Amino acid sequence: MGMVLGTAMIASVGPVTLMIVREGMAGGRKLLVASTVCGVQLALIAAALAFADAISGLGTAFRTRALWLGLVCTAWFAVQSFRTTTRNARLDLRGHPDETVGGCAMRALAVVAMNPLTYVNRFLLPASMAQGFATPDMRLQFALGLIAMTVVGAYGCALSGAMLLRVLRHRLSLKVFDRTSGVLLSGVALSLALSLVVDSP
């Protein structure tokens, strides 16, 4: 079950996934970005499993608020993707050449932390699913599967970006990627908005 949930999260498009892929395409510190994202996600998963029973009383109201915040943030990331293609005429394949290692890690951490969907997918959802397992062994199997797919997803996105860099070594490719990201994130925001409106009382 953990591997199924993790695979579904890999398949879903979001700001964090697109950030890792873009870092690889831009020739930046893709492994550092992937490691930062992976570390935060694994910490949330560990907390979800450790406190699964304690947070059972949060209910759906907290999740709904987080999803609304996620909608706002996803729309904001979509706008930023579109703005990147117009405000920066010097998009190139050097990543962020003047950025320090710490600055790169903080940039990745900010994207993960600003996205409320991270907490829904990596904390609330695993915690609610873990409550349904009767034995500690079942919870452990669920956790190991989810952890494995989280690692595969983060570093797989970095590898995908690096492979695209080798194929599309042209600065236009980054503009196309940013515009595509804007369209995809807009679609995610719209889909999330529709689901929240439909589910609202």
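Residues numbered from 1 in each chain as written. Predicted model: local features only at pLDDT ≥ 70, side-chain atom pairs only at ≥ 80, totals over all residues. Heavy atoms only, no water.

*Asks:* Kindly report on the overall build of the protein, identifying the contributing residues and their values.
*Replies:* Within the protein, the regular secondary structure consists of 8 helices and 0 strands. Its helices and strands in sequence order give the protein the pattern α-α-α-α-α-α-α-α, from N to C terminus. Considering the protein as a whole, with its 201 residues, one finds that 43% of them fall into the buried category. Taking the intrachain contacts of the protein between residues at least 6 apart in sequence as the baseline, contacts between residues at least 24 apart amount to 89%. Looking at the protein as shown, the accessible area adds up to about 10800 Å², and 68% of this sits on carbon and sulfur atoms. (Helix = DSSP H or I, 4+ residues; strand = E, 2+ residues; numbered from the N terminus. Buried < 20%, exposed > 50% of the residue type's maximum accessible area, 1.4 Å probe, protein only. Contact = heavy atoms within 4.5 Å. Areas by Shrake-Rupley, 256 points an atom, 1.4 Å probe, with all protein chains shown as cover.)

*Asks:* So what's going on with helix α6 (residues 116-130)? Residues and values would help.
*Replies:* Taking 1.5 Å as the rise per residue, α6 with 15 residues should run 21 Å; its terminal C-alpha atoms sit 20 Å apart, in good agreement. Roughly 25° is the biggest bend found in α6, and it falls at leucine 124, with proline proline 126 one to four residues downstream. Where α6 is concerned, the buried positions are Pro116, Leu117, Thr118, Val120, Arg122, Phe123, Leu124, Pro126, Ala127 and Ala130. (Expected span 1.5 Å × (residues − 1). Bend = angle between axes of the 7 residues up to and from the residue.)

*Asks:* Pulling in residues and values, what's your account of the pattern of salt bridges?
*Replies:* The final tally for this structure, using the stated rule, is 1 salt bridge. The salt bridge partner of glutamate 23 is arginine 107, with a shortest N-O separation of 3.2 Å. Of this pair, glutamate 23 sits in helix α2 (residues 15-25) while arginine 107 sits in helix α5 (residues 101-114); the two residues are 84 residues apart in sequence, bridging distant segments of the chain. (Salt bridge = Lys/Arg side-chain N within 4 Å of Asp/Glu carboxyl O.)

*Asks:* For helix α3 (residues 30-50), give the residues involved together with the corresponding values.
*Replies:* Between its first and last C-alpha, α3 extends 30 Å over 21 residues, near the 30 Å set by a 1.5 Å rise per residue. Of all the positions in α3, only Val33, Ala34, Thr36, Val37, Cys38, Gln41, Leu44, Ile45, Ala48 and Leu49 are classed as buried. Considering only its buried residues, α3 is in contact with α2, α5, α6 and α7 (136-167).

*Asks:* Please provide a residue-by-residue account of the side chain of glutamine 41, values included.
*Replies:* Mapping glutamine 41 onto the fold places it in helix α3. Leaving out residues up to four positions away in the same chain, glutamine 41 has contacts with Val16, Arg122 and Thr150.

*Asks:* Summarise the confidence of the model for the protein; cite the residues concerned and give the values.
*Replies:* Looking at the protein, pLDDT values average 75 and 69% of them are 70 or higher. Here helix α4 (residues 59-87) stands out as the least confident element of the protein, with mean pLDDT 66; α3 is the most confident, with 89. Note that residues 88-94 has pLDDT below 50 and, in this model, 19 contacts with residues that lie over four places away or in other chains. (pLDDT = per-residue confidence, 0-100.)

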